[in-house]
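Residues per chain are reported as follows:
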Amino acid sequence: MKVSEIMTRNVCIASPDQKLREVAAEMERHDIGVLPVADNDRLMGIITDRDIAVRAISRGLGPEDRVRDVMSADVKCCFEEDEIGDLAQNMANEQIRRLPVFNNEKHLVGIVSLADMATSTGISDELSHHAHLAKALCGISQERRREAPQTVEMSAAP
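A quick note: this is a predicted structure, and the numbers were derived from the prediction, not measured.

**Q** Any details on the overall build of the protein? Residues and values, ideally.
**A** Counting its regular elements, the protein contains five helices and five strands. The long-range share in the protein, meaning contacts at least 24 apart out of those at least 6 apart in sequence, stands at 56%. Roughly 10100 Å² of accessible area belongs to the protein as shown, and the carbon and sulfur atoms make up 48% of that amount.

What follows is the structure, given as structure tokens:
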């Protein structure tokens, strides 16, 4: 089964210059947690509700600050012709719950999420589908793979 069979096609797009408040309102209005960020038909990043709630607040940013200040610029993606098994493996390896979907002409045509995999009609009864879903969920749920934090030695106070 292909990504095109389970993805969400109607995708709202954020601008890098949009205010965080506007993007959060768009997410609330459509009951979504992610928006691709594009400028002149070029994907520049992705912004999630978590980027706004955690990254922006921890940096002291507010609702009038810009999307470009908190978006993730390192965007992983997939293609509509990719197989679900490959999608699940990619999500597990990268620990990503949602991916922008491109067509062969490299145009954004949708978003696919772990929830799309879990709730897709027609494949939810297939044994292989359950295995792919379990693989993706297991990989995503692992402790985040991050570089070791840098330590700073502090001198004792006199």
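**Q** Go over the nonpolar core, please, and point to the residues and values.
**A** One finds Val3, Cys78, Leu87, Leu99, Val101, Val112 and Met117 to be the most contacted residues of the largest nonpolar core, which totals 15 residues. Elements with a contribution of two residues or more to this core: helix H3 (84–94), strand E4 (98–102), strand E5 (108–113) and helix H4 (114–119). Grouped together as the second largest cluster of nonpolar side chains are 13 residues, Val23, Ala56, Val67 and Met71 included.

**Q** Run through the pairing of strand E2 (residues 42–48), naming residues and quoting values.
**A** Most of E2 sits out of view: five of its seven residues are buried. As judged from the six bridges shared by strand E1 (residues 34–39) and E2, these two strands associate in the antiparallel manner. Within the sheet, the bridge partner assigned to Asp39 lies in E2 and is Arg42. Between E1 and E2, which pair antiparallel one after the other, the connecting turn spans two residues, and Asn40 there sits at a positive phi close to 50 degrees.

**Q** Give me helix H1 (residues 20–30): which residues, what numbers.
**A** When H1 is considered as a whole, its buried residues turn out to be Leu20, Val23 and Met27. The buried residues of H1 occupy an angular sector of 65 degrees when the element is viewed end-on, so they sit on one face. Away from its buried face by more than 90 degrees, H1 exposes Glu28 and Arg29. Next to the buried residues of H1 lie E1, E2 and helix H2 (49–58). Once H1 ends, the next one or two residues include Asp31, with phi positive near 55 degrees.

**Q** Describe the sheet that holds E4, naming the residues involved and giving the relevant values.
**A** Hydrogen bonds between backbone atoms are what pair the strands of a sheet, whose relative direction is either parallel or antiparallel. The sheet built from three strands is open, its strands ordered E3-E4-E5 with mixed pairing. Two strands lie at the open edges of the sheet, namely strand E3 (78–79) and E5, each paired on one side alone. Where E4 and E5 come together, five bridges link them in antiparallel fashion. Paired with Leu99 across the strands is Val112, a residue of E5. Where H3 meets the sheet, its contacts fall on E3, E4 and E5, and the angle it forms with E4 comes to roughly 135 degrees.

**Q** Report on the packing of H1 against H2, specifying residues and quantitative values.
**A** It is the contact of H1 with H2, at a shortest axis distance of 10 Å, that shows an interaxial angle of 140 degrees. Between H1 and H2, the angle falls in the class oblique. Two packed elements cross with a definite hand, and for H1 against H2 that hand is left-handed. Residues Leu20, Val23, Ala24 and Met27 of H1 form the contact with H2, whose own contacting residues are Asp49, Ile52 and Ala56. Taken together, the residues that form the contact of H1 with H2 break down as six nonpolar, no polar and one charged.

Basis of the calculations
- Residues numbered from 1 in each chain as written.
- Predicted model: local features only at pLDDT ≥ 70, side-chain atom pairs only at ≥ 80, totals over all residues.
- Heavy atoms only, no water.
- Helix = DSSP H or I, 4+ residues; strand = E, 2+ residues; numbered from the N terminus.
- Contact = heavy atoms within 4.5 Å.
- Areas by Shrake-Rupley, 256 points an atom, 1.4 Å probe, with all protein chains shown as cover.
- Core = buried A, V, L, I, M, F, W, Y, C linked by side-chain atoms within 4.5 Å.
- Buried < 20%, exposed > 50% of the residue type's maximum accessible area, 1.4 Å probe, protein only.
- Pairing = 2+ DSSP bridges.
- Arc of directions from axis to C-beta.
- Axes fitted to C-alpha atoms, helices over the stretch in contact; angles between N-to-C directions.
- Parallel < 35°, antiparallel > 145°, perpendicular 65-115°, else oblique.
- Left-handed = near helix turned anticlockwise from the far one by under 90°.
- Nonpolar A, V, L, I, M, F, W, Y, C, P; charged D, E, K, R; others polar.

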